[in-house]
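Understanding the architecture of this molecule
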Amino acid sequence: MPFIWSLPEALMTAELSCAFPEASGSVVWVEKAFGPFAGWIDGCLTWAAGATDLGYLIEVIQHSDLEHMNGWIQYGIVASMSLVLSYVNYRGLPVVGNMSISICAMAMSPFVVLCIWGIPQIKTSRWFETPQYQPGNDMDFNLAGGLFPNAVFGGVLLRPFLNNLFWNLNSFDSAGNFAEDVKNPARMFPRAMLGAVFFVLIGYLLPLLVAIGASDAAQSEWHTGYLAAVSEQIGGRWLGAWLVFGAAISNLGQFEAELSSDSFMIMGMADRGYVPKFLSHRSSYGTPTFGILICTLVILICITHGMATLIEMENFCYALSLIMEYAAFLKLRITDPDCAYL
């Protein structure tokens, strides 16, 4: 799947970001290919997907760590967390970048230990066991409505499987929103995009192979957050707790990166006249003040919805915007082959 979804998107992002190094990212790509109205549509869809994603990232923390609390107390904690993280974002890209690097190192460390500790315990035959879907084991997902809500293939419930896979292996095009602020994008973007695809692939594949191969848990036992229980089986309670901590702070890092991307997109759209001009205002730290405020307001609304609903909302908007971006890439290849880096 990374070679079907992630790699083409990353390569497209690198090429178009070098050709059009502007803050609006995919908006300018689609505009150059199909005109201003199409650019506006793509911007609205991309931003809606990103804002919904921000709500999901905070919802994950609420779902994992605060379920035992009263609903209003949960909301107060995650809303306060959102406001604090938004202020950190307001302080500038260098702060967000350094924080993201530190969080990445801390978040990945328990998975590295899990792989080292679990590799000797792997039984490769477990990798090839076919799951058996049993109705009633899908309580983590709202499957009501839609086309083929209970479609199963090879024992896998396809709707949540594809939704989660699509969510985890995409959004490389978000990097295009920072093209204006990148020094020497022709050198940095291709390396960064290929590196991102590699680390996403390794970061998902290795821990899952170890967890499945070193654990004797039945497929029906796997549910949201079960990787922590498997880590506890493999390495002990300390490793399970460490992995939960790593997963929680990784959401904070993703939140900061996504918030920067979405707020810069609003600023870029304002620069191009798609939204009111005052939204292009930058703070003394160089960050889009009103873009951050709008994203924060949407987050406070989104966290009242469930995780599965937010994933489907995000995937729906994002899939449409991604189709427009690929179409723009292909059209520019045909109609403007002399464009720089195309």
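Computed from a predicted structure; not experimentally measured.

**Some thoughts on the nonpolar core**
W47, L54, Y56, F255, L259 and C295 are the most contacted members of the largest nonpolar core, which has 28 residues in total. Secondary structure elements with two or more residues in this core: α3 (36-65), α4 (71-90), α5 (93-118), α9 (237-271), α10 (289-302) and α11 (307-335). Beyond its immediate stretch of four places on either side in the chain, W47 contacts D262, M265, I266, I294, C295 and V298. Counting 19 residues, the second largest nonpolar core, distinct from the first, contains V30, L45, A49 and Y318.

**Some points on the packing of helix α1 (residues 2-19) against helix α7 (residues 185-214)**
Two elements in contact, α1 and α7, have axes separated by 8 Å at closest approach and are oriented at 165 degrees. In terms of orientation, α1 lies roughly antiparallel with respect to α7. For the element pair α1 and α7, the recorded crossing hand is right-handed. Counting all contacts with α1, which are made through P2, F3, S6, L7, A10, L11, T13, A14, S17 and C18, the residues of α7 involved are P185, A186, F189, P190, M193, L194, V197 and L201.

**Considering the packing of aromatic side chains**
One pass over the structure, following the stated rule, counts 8 aromatic pairs. Each ring, one from Y90 and one from Y285, has its centre 5.5 Å from the other, and the planes form 75 degrees; the classification is edge-to-face. One end of the pair, Y90, is in helix α4; the other, Y285, is in the loop between α9 and α10, and 195 residues separate them in sequence. A relative accessible area of 37% places Y285 in the partly exposed class. Judged by centre distance (5.4 Å) and plane angle (75 degrees), the ring pair of W117 and W238 falls under edge-to-face. With W117 in helix α5 and W238 in helix α9, this residue pair connects regions lying 121 residues apart in the sequence. Relative accessible area serves as the criterion here: at 43%, W117 is assigned to the partly exposed category.

**Quick look at the pattern of salt bridges**
Counting across every chain of the model gives 3 salt bridges. A salt bridge links R333 to E15; the shortest N-O distance between them is 2.7 Å. Linking R333 in helix α11 with E15 in helix α1, this pair joins segments that are 318 residues apart in sequence. For E15, a relative accessible area of 18% gives the class buried. Close ionic contact of E22 with R272 constitutes a salt bridge, the shortest N to O distance being 2.4 Å. Pair noted here: E22 is in the loop between α1 and α2 (26-34) and R272 is in the loop between α9 and α10, with a separation of 250 residues, a long-range link. Through salt bridges with shared partners, a single ionic network connects E22, E31 and R272.

**Things to note about the environment of R159**
Following the sequence through the fold, R159 ends up in helix α6 (residues 158-168). In sequence terms R159 and E312 are 153 residues apart; their C-alpha atoms lie 9.6 Å from each other.

**A closer look at the packing of helix α8 (residues 226-235) against α9**
One way to put it is that α8 packs onto α9 with a least axis distance of 6 Å and a crossing angle of 150 degrees. Our classification of the angle between α8 and α9 gives roughly antiparallel. When the axes of α8 and α9 are compared, the crossing they make is right-handed. Of the residues in α9, those touching α8 at L227, A228, S231, E232 and G235 are R237, W238, L239, G240, L243 and V244. For the contact of α8 with α9, the class distribution of residues is 6 nonpolar, 3 polar and 2 charged.

**Re the confidence of the model for the protein chain**
When pLDDT is averaged along the protein chain, the result is 80; 86% of the residues meet or exceed 70. No element of the protein chain has a lower mean pLDDT than strand β1 (residues 152-153), at 68, and none a higher one than α2, at 89.

**A look at α9**
In a regular helix each residue adds 1.5 Å, so 35 residues correspond to 51 Å; α9 covers 52 Å between its end C-alpha atoms and thus fits that length. Backbone geometry just after α9 places G273 at a positive phi near 85 degrees.

Cut-offs used in this document
- Residues numbered from 1 in each chain as written.
- Predicted model: local features only at pLDDT ≥ 70, side-chain atom pairs only at ≥ 80, totals over all residues.
- Heavy atoms only, no water.
- Core = buried A, V, L, I, M, F, W, Y, C linked by side-chain atoms within 4.5 Å.
- Buried < 20%, exposed > 50% of the residue type's maximum accessible area, 1.4 Å probe, protein only.
- Helix = DSSP H or I, 4+ residues; strand = E, 2+ residues; numbered from the N terminus.
- Contact = heavy atoms within 4.5 Å.
- Axes fitted to C-alpha atoms, helices over the stretch in contact; angles between N-to-C directions.
- Parallel < 35°, antiparallel > 145°, perpendicular 65-115°, else oblique.
- Left-handed = near helix turned anticlockwise from the far one by under 90°.
- Phe/Tyr/Trp six-rings, centres within 6.5 Å; stacked < 30°, edge-to-face > 60°.
- Salt bridge = Lys/Arg side-chain N within 4 Å of Asp/Glu carboxyl O.
- Nonpolar A, V, L, I, M, F, W, Y, C, P; charged D, E, K, R; others polar.
- pLDDT = per-residue confidence, 0-100.
- Expected span 1.5 Å × (residues − 1).

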